[in-house]
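# Observations on the model geometry
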Amino acid sequence: MSSSSFLFSNGVILHPSDAPSVSTFLESLPGAYTTTRTHNDASFFLFWARHLQRLANSARILFESKPEFLFESSKSSFSLPSLPVTSSSKWDSTVRSLVNDAISEVVPVALGEKRVGEELAVTTLVTGNLEKLNEIDCVGGDGFSALLDVHVHVQPYVLPALGVRVNGAHLAVVGRGREVAAAKYSDWVRLRKGLEKLRPPSVTELLLSNDGDQILEGSITNFFVVCRKDKSESKGNDLHDHGGAYSVEVQTAPIGDGGVLKGVIRQLVIEVCLSKGIPVREVAPSWAKNELWEEAFITSSLRVLQHVETVKVPSFWESLESKSCEEISWNEKRFKGGPGMITKIIQEEIMVRAHLEGLPLSKFI
């Protein structure tokens with residue numbers, strides 16, 4: 001019998017017999033969340049500092065622009081009282097302290113049940129507490145941390161073999177971009193379920209687009225293509241070509257309004273490209289130019305980087321949401337072989353940085 005999930009919530013640790021699955025857990029509460037995992041036989045957390053910063057930033061964005069995605073309420077609509085603006089540094093320090101305290105409670109317990117060969121997948125959710133909010137006089141002061149509740153879900157994770165052809169991703173464009181794309185929030189776990197009816201057989205990840213051409217991101221990943229350079233579009237579009245050493249460029253959709261989530265691994269890919277002299281441009285890959293795509297890959301905090309074997313796009317984008325998968329005809333792009341040269345270079349460098357930026361789990365024991 002394999003080891004199972006643990007959940008730290010409201011000061012109590014739920015053991016495997018009582019802990020829900022991670023998807024059920026996220027669907028049950030609003031809030032900002034992040035997921036990462038351990039590596040090196042659960043000795044280190046992957047990019048822990050980056051995840052905490054992204055988590056704090058997501059919570060702040062929801063607090064300021066979409067509070068119903070952060071606060072749990074029985075009312076269909078609500079408004080927050082007028083509150084002073086809280087600095088990003090205050091959010092960072094508060095979230096870091098609360099999360100680290102919660103991790104210290106549950107991770108040692110999960111480690112004690114971990115089996116050989118397993119890593120730990122850790123999902124941390126920050127929610128807003130409306131009841132506490134009404135009791136706080138000064139959100140910007142010492143009472144700020146009382147606004148927030150932290151929940152931590154831990155479950156075993158077995159690493160897939162990367163770089164093997166059979167472990168490539170199969171993608172399909174099926175839905176529109178997320179609301180408040182700059183933040184990672186739990187309500188998306190429920191909202192993306194509506195896309196499942198359009199998932200073709202054998203497809204492992206669903207992609208988002210607002211027009212059926214410009215591809216934004218995956219439902220749980222960021223999406224990249226390695227594209228032969230289109231000189232007519234390169235000028236003035238954030239292209240870093242380092243003297244033209246490469247005849248290709250890495251493309252991924254930009255963050256911000258109408259864009260995509262600033263994924264932790266997404267940012268690392270950009271940093272690696274800049275350090276290695278690989279041209280990179282923040283522009284949504286265009287399906288109309290898929291003949292220029294040489295490679296593609298997706299990124300996530302669990303799999304880190306996974307090469308893509310196929311991408312499917314509906315032949316007709318209009319009224320897509322009213323159709324079933326069986327009613328849709330698809331155009332397909334198939335990539336040759338396993339991961340390409342650029343994909344391998346980026347993947348290897350990210351894993352080097354994973355060791356350099358890893359946080360020892362011993363700090364929480």
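Higher on the page you've got the structure.
This is a predicted model, so every value here is computed, not measured.

Another point: the overall build of the protein chain. Each helix and strand in the protein chain was counted, giving eight helices and 16 strands. Counting only residues that meet the buried cut, the protein chain has 52% of its 365 residues in that class. Here the analysis covers contacts within the protein chain between residues at least 6 apart in sequence; of these, 78% occur between residues at least 24 apart. Accessible surface, the protein chain: about 16,300 Å² in total, of which carbon and sulfur atoms supply 50%.

Residues Phe45, Ile103, Val152 and Phe223 are the most contacted members of the largest nonpolar core, which totals 65 residues. Apart from the residues lying within four places of it in its own chain, the contact partners of Phe223 are Leu171, Leu207, Ile215, Glu217, Gln251, Thr252, Pro285, Trp293, Ala296, Phe297, Ile298 and Val311. Counting residues in each nonpolar core, the second largest holds 22 residues, with Val226, Leu268, Val280 and Phe297 among its members.

Attention now moves to the layout of surface pockets. Volume-wise, the largest pocket comes out at about 920 Å³. Taken together, 43 residues line the largest pocket, and the ones lying closest to its centre are Arg192, Ile220, Thr221, Ser300 and Leu302. Per-class residue counts for the lining of the largest pocket are 17 nonpolar, 17 polar and nine charged. Quantified by volume, the second largest pocket comes out at close to 280 Å³. Along the wall of the second largest pocket there are 13 residues; nearest its centre are Arg50, Gln53, Arg54, Asn57 and Lys262. Counting residues per element, the ones that place at least two in the lining of the second largest pocket are α2 (48–65) and α7 (264–276).

Right, let's talk about the side chain of Lys114 for a bit. Looking at the element boundaries, Lys114 is found in the loop between α3 (88–113) and β5 (119–128). Residue contacts for Lys114: discarding those within four places in its chain leaves Asp41, Ala42 and Leu120.

Our next topic: the pattern of salt bridges. Note on pairing: side chains with opposite charge can pair once their charged atoms come close. Here the structure, examined in full by the defined rule, presents 18 salt bridges. Here Arg228 makes a salt bridge to Glu294, at a shortest N to O gap of 2.4 Å. Placement of the pair is Arg228 in strand β10 (residues 222–228) and Glu294 in strand β13 (residues 293–300), with a sequence separation of 66 residues. Residue classification places Arg228 among the partly exposed positions, given a relative accessible area of 34%. In the salt-bridge network here, residues are joined through shared partners; they are Arg50, Glu271, Lys276, Glu349, Arg353 and Glu357.

With respect to the element layout, Glu349 can be found in helix α8 (residues 341–357). Those residues within four positions of Glu349 in sequence are excluded, and the remaining contacts are Val272 and Lys276.

Further remarks concern the packing of aromatic side chains. Counted under the stated rule, the structure contains nine aromatic pairs. Here the aromatic rings of Phe45 and Trp48 are separated by 4.5 Å at their centres, their planes lie at 20 degrees, and the arrangement is stacked. Summarising the burial analysis for this pair, Phe45 and Trp48 share the class buried. Between the aromatic rings of Trp48 and Phe364, the centroid separation amounts to 6.0 Å while the plane-to-plane angle is 75 degrees, which identifies the pairing as edge-to-face. Of this pair, Trp48 sits in helix α2 while Phe364 sits in the segment after β16 (359–360), and the two are 316 residues apart along the sequence. Across the pair, Phe364 and Trp48 agree in class, each one buried. Ring pairs connect the aromatic residues Phe45, Trp48 and Phe364, which therefore count as one cluster.

Below, the discussion takes up the sheet that holds strand β6 (residues 148–157). An order of β2-β1-β6-β5-β3-β4-β16 is seen for the seven strands of this open sheet, with the pairing classed as antiparallel. Every interior strand has two partners, whereas the edge strands, β2 (12–14) and β16, have only one. Bridge analysis of strand β3 (residues 32–39) against strand β4 (residues 44–45) gives two bridges, and the strand direction is antiparallel. When the sheet's bridge partners are listed, Thr38 is paired in β4 with Phe45.

Phi at Asn10 is positive, roughly 55 degrees, even though this residue is not glycine. With respect to the helices, strands and loops of the structure, Asn10 is situated in the loop between β1 (6–9) and β2. The exposed category is assigned to Asn10, whose relative accessible area is 62%. Positioned with a positive phi, Asn40 is a non-glycine residue whose angle comes to about 60 degrees. Here Asn40 falls in the partly exposed class, since its relative accessible area comes to 44%.

All right, on to α2 then. Look at α2: 26 Å from first C-alpha to last across 18 residues, which is about the 26 Å you get at 1.5 Å a residue. Buried within α2 are the following residues: Trp48, His51, Leu52, Arg54, Leu55, Ala56, Ser58, Ala59, Arg60, Ile61, Leu62 and Phe63. Of the surrounding secondary structure, the elements contacted by the buried residues of α2 are β3, β4, α3, β5, α7 and β16.

Attention shifts here to the pairing of β13. It is a general feature of regular strands that their side chains alternate between the two faces of the sheet. Burial of β13 is extensive: seven of the eight residues sit out of reach of the surface. In this structure, β10 lies alongside β13, joined through six bridges in antiparallel fashion. The residue bridging Val225 from the neighbouring strand is Ala296, located in β13. Here β13 folds back onto strand β14 (residues 304–314), and the loop between the two strands holds three residues.

Rules behind the numbers
- Residues numbered from 1 in each chain as written.
- Predicted model: local features only at pLDDT ≥ 70, side-chain atom pairs only at ≥ 80, totals over all residues.
- Heavy atoms only, no water.
- Helix = DSSP H or I, 4+ residues; strand = E, 2+ residues; numbered from the N terminus.
- Buried < 20%, exposed > 50% of the residue type's maximum accessible area, 1.4 Å probe, protein only.
- Contact = heavy atoms within 4.5 Å.
- Areas by Shrake-Rupley, 256 points an atom, 1.4 Å probe, with all protein chains shown as cover.
- Core = buried A, V, L, I, M, F, W, Y, C linked by side-chain atoms within 4.5 Å.
- 1 Å grid on protein atoms, 1.4 Å probe; cavity = no way out; pocket = protein on both sides within 12 Å on 5 of 7 lines; lining within 4 Å.
- Points joined across faces, edges and corners; volume = space filled by probe spheres on them.
- Nonpolar A, V, L, I, M, F, W, Y, C, P; charged D, E, K, R; others polar.
- Salt bridge = Lys/Arg side-chain N within 4 Å of Asp/Glu carboxyl O.
- Phe/Tyr/Trp six-rings, centres within 6.5 Å; stacked < 30°, edge-to-face > 60°.
- Pairing = 2+ DSSP bridges.
- Expected span 1.5 Å × (residues − 1).

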